[in-house]
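# Overview (structure and organization)
Below are the chains, spelled out letter by letter.
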Amino acid sequence: MQNKLGNPQNTIQIIQKYEFAFQKKFGQNFLIDTHVLDKIILAAGVTKDDCVLEIGPGIGTMTQYLAEAAGHVVAVEIDSNLIPILKETLADYDNVTVIHADILKTDINELTQKYNGGRPIKVVANLPYYITTPIIMGLFEGQVPIDNITVMVQKEVADRMQVGPGSKDYGALSLAVQYYAEPYIVANVPPNCFMPRPNVGSAVIRLTRHKNPPVSAQDPGLMFRLIRASFNQRRKTLQNGLNNSPEVPYTKEQIISAIESLGLSPSVRGEALNLEQFAALANYFTNIKE
Ligand code: SAM
């Protein structure tokens, strides 16, 4: 691989050549550590049979690694200043398609159809941290056919995705991620692996899509409304959280009966419930006779 960008010297050279100015608003922290790059590719399990979507290729550092390992790489980058740079750094690869677009405004199902015949893709990225949650939830809720998502995120967010009840990090994101996927933290990554250094710690997390959800909620939309209502008012009891939410249309009596049907006290807090209990709660409401 010529001009391999995991090497900090090559990264600096390219940045100087194009007089590239880092844009904070795009969450631009480029990877400059070859060990971390190798670890990400390995954790994602990328093979020549795979079509990989990379979100935010930057100057193409991880894209080069992906192009070596994958069958095809589709890389979506928002910053127009990076497009000519990518043209140069990826010139040696004929299996990479760079798309200049905002990932949040991109129809990823359409990309999957176009580049992988609708078969499951892998998503691999050093994500722009300011939009981590909308990107991950968009992939899951948009029913994009996905094998796994292996991404660099803020350490605290990786922890939130992985924990269960009883942890201070437990919340709506934990439950949403765990409904769709099996999370596994691959590595913690310190700020000195990036240029410029971010002022938060980072972690690589792999989310392996469940073939079937681990719980059976008859109406998953209702379950997620209940979850949001429970965590919106963290210090309130579950009963008050549900009662005060405009998204939950049930009476106080119905809410108390639903909580008691799980064998729980009405004074329980929402953060004590696991995914299975939220699914049972939603199913209780779904089956209330009008
Ligand atoms: N992959 C590169 C690396 O690891 O060195 C860069 C990662 S950097 C953390 C995030 C990248 O996402 C930047 O290149 C940034 O311009 C891009 N980006 C930010 N917002 C985006 C968006 N809405 N859609 C697509 N790309 C975006």
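Residues numbered from 1 in each chain as written. Predicted model: local features only at pLDDT ≥ 70, side-chain atom pairs only at ≥ 80, totals over all residues.

Taken together, 23 residues lie around the ligand, and Phe 30, Gly 56, Gly 58, Asn 126 and Pro 128 are the ones closest in. Of all the secondary structure elements, the ones that give two or more residues to the shell around the ligand are strand 1 (30-31), helix 3 (61-69) and strand 3 (72-77). Grouping the amino acids of the shell around the ligand by side-chain chemistry returns 13 nonpolar, seven polar and three charged. (Near = placed C-beta within 6 Å. Helix = DSSP H or I, 4+ residues; strand = E, 2+ residues; numbered from the N terminus. Nonpolar A, V, L, I, M, F, W, Y, C, P; charged D, E, K, R; others polar.)

Position of Val 163 among the secondary structure elements: in the loop between helix 7 (155-162) and helix 8 (172-180). Residue class for Val 163 comes out partly exposed when judged on the 17 C-beta atoms lying within 10 Å of it. Residues Val 163 and His 35, spaced 128 residues apart in sequence, show a C-alpha to C-alpha distance of 26 Å. (Buried ≥ 20, exposed ≤ 12 C-beta atoms within 10 Å, placed from the backbone.)

What follows deals with the confidence of the model for the protein. Predicted confidence across the protein gives a mean pLDDT of 95, with 98% of residues reaching 70 or more. Model confidence for the complex: the whole-complex pTM is 0.94, and ipTM, which rates the interface, is 0.99. (pLDDT = per-residue confidence, 0-100.)

Once that is clear, we can look at helix 9 (residues 220-232). Over its 13 residues, helix 9 runs 18 Å from end to end, which matches the ideal 18 Å to within 8%, given 1.5 Å per residue. Buried within helix 9 we find Met 223, Phe 224, Leu 226, Ile 227, Ala 229 and Ser 230. On its buried face, helix 9 is in contact with helix 8, helix 10 (238-243) and helix 12 (275-286). (Expected span 1.5 Å × (residues − 1). Contact = placed C-beta atoms within 7 Å.)

On to unusual backbone geometry. A cis geometry characterises the amide bond from Met 195 onward to Pro 196, with omega recorded as -15°. Relative to the helices and strands, Pro 196 is located in the loop between strand 8 (194-195) and strand 9 (202-209). Residues other than glycine seldom take positive phi values, yet Glu 19 does so here, at roughly 50°. Topologically, Glu 19 is positioned in the loop between helix 1 (8-17) and strand 1. On the neighbour-count criterion, Glu 19 (7 C-beta atoms within 10 Å) is exposed. Residue Gln 143 is not a glycine yet carries a positive backbone phi of 55°. Relative to the helices and strands, Gln 143 resides in the loop between helix 6 (132-141) and strand 6 (146-154).

Turning next to the sheet that holds strand 2 (residues 51-55). Pairing is mixed in the open sheet, where seven strands are placed in the order 4-3-2-5-6-9-7. Edge positions in the sheet fall to strand 4 (96-100) and strand 7 (181-189), since each has one partner strand and no second. For this sheet, the mean angle separating the axes of adjacent strands, direction not counted, is 20°. By the bridge criterion, seven bridges tie strand 6 to strand 9 in an arrangement that is antiparallel. Along strand 9, the bridge assignment pairs Gln 154 with Ser 202. (Pairing = 2+ DSSP bridges. Axes fitted to C-alpha atoms, helices over the stretch in contact; angles between N-to-C directions.)

Packed helices, taken two at a time, are described by their axes: the angle between them and the distance between them. With their axes 9 Å apart at the nearest point, helix 8 and helix 9 run at an angle of 160° to one another. Considering their axes alone, helix 8 and helix 9 lie roughly antiparallel with respect to each other. Considering only the axes of helix 8 and helix 9, their crossing is right-handed. Along the contact surface, helix 8 presents Ala 172, Leu 175 and Ala 176, while helix 9 presents Phe 224, Ile 227, Arg 228 and Phe 231. Of the residues assigned to the contact of helix 8 with helix 9, the class counts are six nonpolar, no polar and one charged. (Parallel < 35°, antiparallel > 145°, perpendicular 65-115°, else oblique. Left-handed = near helix turned anticlockwise from the far one by under 90°.)

Looking at the protein, the domain boundaries give domain 1 (8-209) and domain 2 (220-289). Domain 1 and domain 2 are separated by 35 Å when their C-alpha centres are compared. Contact residues are listed per partner, giving nine residues for domain 1 and 10 residues for domain 2. Taken together, the residues that form the side of domain 1 that touches domain 2 break down as six nonpolar, three polar and no charged. (Domains from an automatic or database assignment.)

With five of five residues buried, strand 2 lies mostly within the body of the structure. Because side chains alternate across strand 2, one face comprises the buried residues Cys 51, Leu 53 and Ile 55, and the other comprises Val 52 and Glu 54, equally buried. Pairing between strand 2 and strand 3: five bridges, direction parallel. The residue bridging Cys 51 from the neighbouring strand is His 72, located in strand 3. As for the winding sense of the linkage, the β-α-β connection from strand 2 through helix 3 to strand 3 is right-handed. (Right-handed = clockwise from strand over helix to strand, strands pointing away.)

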